[in-house]
Amino acid sequence: MCLAKNNKQFPGLIYLFSQTATGQNTERASIFFSRSCLLLFQPVLGTGHKYYLQFTTEDYKTRENVGTCLAIVFYLKRKPTPTVNIKCTYTKDQKEVQEDDHRFYQKIRQHTKPIIGSYIPDSYGNIEPAFESAWALAVVGSSYIMWEKSTENLGYFMAQVKHVKQWISKDDSIDFDYAVLLHEIPTQEMILCHMRVIWIPNHPLKVKYFCSSENQSAESEDVSGMESGSADGILNERAANF
Amino acid sequence: MNKVYFFFLNRDQVLRIRASSDDQIDKLQLLETLEHLQLDFWLHPSNPALPVDIRVPFGSLQAVRAFLGYHDIEYSILIEDVQVILNEEKQEMISNQRRERSNSNFNYGAYHSLDAIYKAIDDLAAEYHGLVSKLQIGESYEKRPLYVLKFSTGGPDRPAIWLDAGIHAREWVTQATALWTAQKIASEYGNDPSITSLLDTMDIFLLVVTNPDGYVYSHAKNRMWRKTRSKAAGSLCVGVDPNRNWDAGFGGPGSSDQRCSDSYHGPHANSEVEVKSIVDFIKKHGNIKAFLTIHSYSQLLMYPYGYKCTEPADYRELDTVGKAAANALTSLHGTSFKVGTICSTIYQASGGSIDWSYDFGIKYSFAFELRDTGRYGFLLPADQIIPTAEETWLGLKSIMEHVRDHPY
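What counts, and at which threshold
- Residues numbered from 1 in each chain as written.
- Chains lettered and ligands numbered in written order.
- Predicted model: local features only at pLDDT ≥ 70, side-chain atom pairs only at ≥ 80, totals over all residues.
- Heavy atoms only, no water.
- Helix = DSSP H or I, 4+ residues; strand = E, 2+ residues; numbered from the N terminus.
- Buried < 20%, exposed > 50% of the residue type's maximum accessible area, 1.4 Å probe, protein only.
- Lys, Arg positive; Asp, Glu negative; His and termini not counted.
- Salt bridge = Lys/Arg side-chain N within 4 Å of Asp/Glu carboxyl O.
- Contact = heavy atoms within 4.5 Å.
- Disulfide = S-S within 2.5 Å.
- UniProt positions renumbered as here; feature names shortened; annotations may be inferred.
- Core = buried A, V, L, I, M, F, W, Y, C linked by side-chain atoms within 4.5 Å.
- Domains from an automatic or database assignment.
- Buried area = accessible area lost by both parts, 1.4 Å probe.
- Polar contact = N/O pair within 3.5 Å; in protein donor to acceptor, adjacent residues only side chain to side chain.
- Expected span 1.5 Å × (residues − 1).

(A) Representation of the side chain of B:K289. Residues and elements named next belong to chain B. Inspection of the secondary structure assignment puts K289 in strand β9 (residues 288-296). Lacking a salt bridge, the buried K289 has D157 as its closest oppositely charged neighbour, with an N-O distance of 11 Å. What K289 contacts, discounting residues up to four positions off in sequence, is P159, A160, M202, I362, K363, Y364, V403 and Y408.

(B) Here's a closer look at the state of the cysteines. Evaluated as defined, the whole model comprises four disulfides over all chains. Covalent S-S linkage joins A:C193 and A:C211, the inter-sulfur distance amounting to 2.0 Å. Where A:C193 bonds to A:C211 through sulfur, the torsion about that S-S bond is close to 105 degrees, and the disulfide is right-handed. With A:C193 in strand β8 (residues 190-199) and A:C211 in strand β9 (residues 206-213), the pair connects residues that are 18 residues apart, well separated along the chain. The burial state of A:C193 is the same as that of A:C211; both residues are buried. Between the sulfur atoms of B:C309 and its disulfide partner B:C343 the distance amounts to 1.8 Å. Taking the sign of the S-S torsion, 55 degrees for the link of B:C309 and B:C343, the bridge is right-handed. Of this pair, B:C309 sits in the loop between β10 (300-303) and α10 (315-333) while B:C343 sits in helix α11 (residues 342-345), placing them 34 residues apart in sequence. On the accessibility criterion, B:C309 (48% relative accessible area) is partly exposed. Residue classification places B:C343 among the buried residues on the basis of a relative accessible area of 15%. For chain B, the bonded cysteines connect in the pattern 1-2, 3-4 when numbered consecutively along the sequence.

(C) Main features of the UniProt feature "active site" (unreviewed entry) in chain B. Residues and elements named next belong to chain B. Here, UniProt's "active site" (unreviewed entry) annotation points to E369. Summarising the element assignment, E369 is placed in strand β12 (residues 364-370). Once residues within four sequence positions are removed from consideration, E369 is found in contact with H295, S296, Y297, S298, Q299, L300, M302 and F337.

(D) Looking closely at the nonpolar core. One finds B:F151 and B:W162 to be the most contacted residues of the largest nonpolar core, which totals 89 residues. For this core, the element with the highest residue contribution is helix α6 (residues 172-188) of chain B, accounting for nine residues. In contact with B:W162, not counting residues within four places along its chain, are B:I137, B:V148, B:F205, B:L207, B:I278, B:F281, B:I282, B:I288, B:A290, B:F291 and B:L292. Counting residues in hydrophobic clusters, the runner-up holds 37 residues, among them A:F104, A:I120, A:F131 and A:Y156.

(E) Local environment of the domain arrangement of chain B. Domain boundaries assigned for chain B yield domain 1 (13-80) and domain 2 (95-229 + 239-405). The C-alpha-based centres of domain 1 of chain B and domain 2 of chain B are spaced at 50 Å.

(F) Representation of the UniProt feature "domain: Peptidase M14" (unreviewed entry) in chain B in the model. The UniProt record marks residues 110-403 of chain B with the feature "domain: Peptidase M14" (unreviewed entry), using the residue numbering of this structure. Between the C-alpha atoms that bound residues 110-403 of chain B the distance is 31 Å, and the span itself is 37% helix and 17% strand.

(G) Focus on unusual backbone geometry. Look at the link from A:I120 to A:P121: it is a cis peptide, with omega at -5 degrees. Mapped onto the elements, A:P121 comes out in the loop between β5 (116-120) and α3 (132-149). Of note, the phi angle at A:Y119 is positive, near 55 degrees, even though the residue is not glycine. The residue A:Y119 is located in strand β5 in this model. Despite not being glycine, B:Q299 shows a phi value in the positive range, around 60 degrees. The exposure class of B:Q299 is buried, given its relative accessible area of 7%.

(H) Representation of the interface of chain A and chain B in the model. Contact residues are listed per partner, giving 37 residues for chain A and 37 residues for chain B. Regarding the contact of chain A and chain B, the summed buried area is about 3,000 Å², with carbon and sulfur atoms giving 47% of it. Linking chain A with chain B are zero salt bridges. Across the contact surface, chain A and chain B share nine residue pairs in polar contact (both at pLDDT 80 or more). Breaking the side of chain A that touches chain B down by element, the ones donating at least two residues are β1 (31-44), β6 (155-167) and β7 (174-185) of chain A.

(I) Inspection of helix α5 (residues 114-127) of chain B at higher detail. Residue and element names in this part refer to chain B. The end-to-end C-alpha separation of α5 is 20 Å, in line with the 20 Å expected for 14 residues at 1.5 Å each. Within α5, ten of the 14 residues are buried, which leaves the element mostly enclosed by the surrounding structure. Regarding α5, the residues found buried are L114, I117, Y118, A120, I121, D123, L124, A125, A126 and E127.

Next comes the structure, spelled out in structure tokens:
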């Protein structure tokens, strides 16, 4: 059923999934993008390329299937961001989703000290239990970045959380500062992005970010500290929908 | 007795002694201290449950026999003609000891330093010395040896299969998988009919760490390092993408001419010594029938071409072989792989190794991209190493069997 030809990866779609949930006034922080399958690739003469995709999402921790989506992703010529029509069926209902999100939220709020860490997962693929939630939130936050940066021919995966620092906020929101490494396909570059993620359940994520390429100019001992001052110095803000 | 003397004239003997008490053990330990006898204890006296084997020089035989007889210590002649088989048996015993040591000590389900991998390679070659030998095909930019394990049951110029891993430093599951695979091939010979028949007619060459400089750098400085560590005058950036450096559509789309890029193709094809060493080896060998390279991640099994988006002449066969291999792989743990040409499966990329090997005439050229599909990416947890290696093995075996059964 899946086509082998032009079977591109769409890692940015995790945000899409979140977007549809937004339509129902909820934000799904605890889900993870899974398998995608290209059903059809349709060049539209003179206009662009249409991709018919099916993909599933899974719970970031239990890996259980959470929903299946069908999406039509239409890349117009000369416009990097496609238009998307998406329909999803969820294995859980609205109430269960909200409960999931609240559980996720509580897990983070439970920490008496701010969560501060580096290299998650570590070089050996380990994620300390204490950092699991922060990592999952980084995945979702990164997907916003990926959605904005990706094009028809450029995609991303979150390779690693280089640093995470939680801000204790006066209100009920959870607030994290991240340095994440995005693996860029097909260039194979590691893109370093600084990202601020603020979230309250039942609201969309608030993500601000700034990205630079890790590999430019001179090498240093700790490459994480490098900000080359490239042209990417635009502070992007993904504002809340409310 | 006289007959025995005559038979063993001027020859050392190995005696196997069975002590029946701690007291007898004490006596044997005393024997050990008598240096003038020049006894060579193969198994030392420790407790009565275990035999004591001693190689006794001919000149000391009488004295030792007298000693044993006096203390009523039972013994038998283990080896009558030491000169002929001494080396081989001692070697076998050392290997047995090493086998016990290495099997119980080396953890294939963990990520290791380059030094630990190189030691494991040595241990493997020693353990299976009849089948496995270590060759050096060159040196990396920073002068680290490039070691290839050769699996051969003899015969000159046999058709051979080439396997390599770790051309990209950060793809740690690949070096780990290759090491596990080396142990698997060695242990399967004589046990698995398929591998046995394969090795009875073909050789296997396995390069476990294709890019040792990069690998060391990914441990010491930058876990996400991909390229070699070659330096060029006038550039602050280091390294070339070794999988854009092969002489196949070199410099074309899908590779970068920027030195600082992670897909920088290098100043010219084969500029990287790691690549050139393989090319030279394969050309010199002249009888390589399959070229299999292992990468991560994405869960793909691909065949040429990458530098152009057209199908190779052997498309149908390669696709069939690839699909069969992917099915075999999936059958173990359910890990699904996509199969296709490089260009249609991931992206157009020039200067890749299997494009070179295919255009060179090695029909069965395949590239694996192992687990996972992006969740952990390069940082695959160590507990997935062995499951990954096990499933990949089924895929590799499937391809190798086809190569064995379709000589060309």
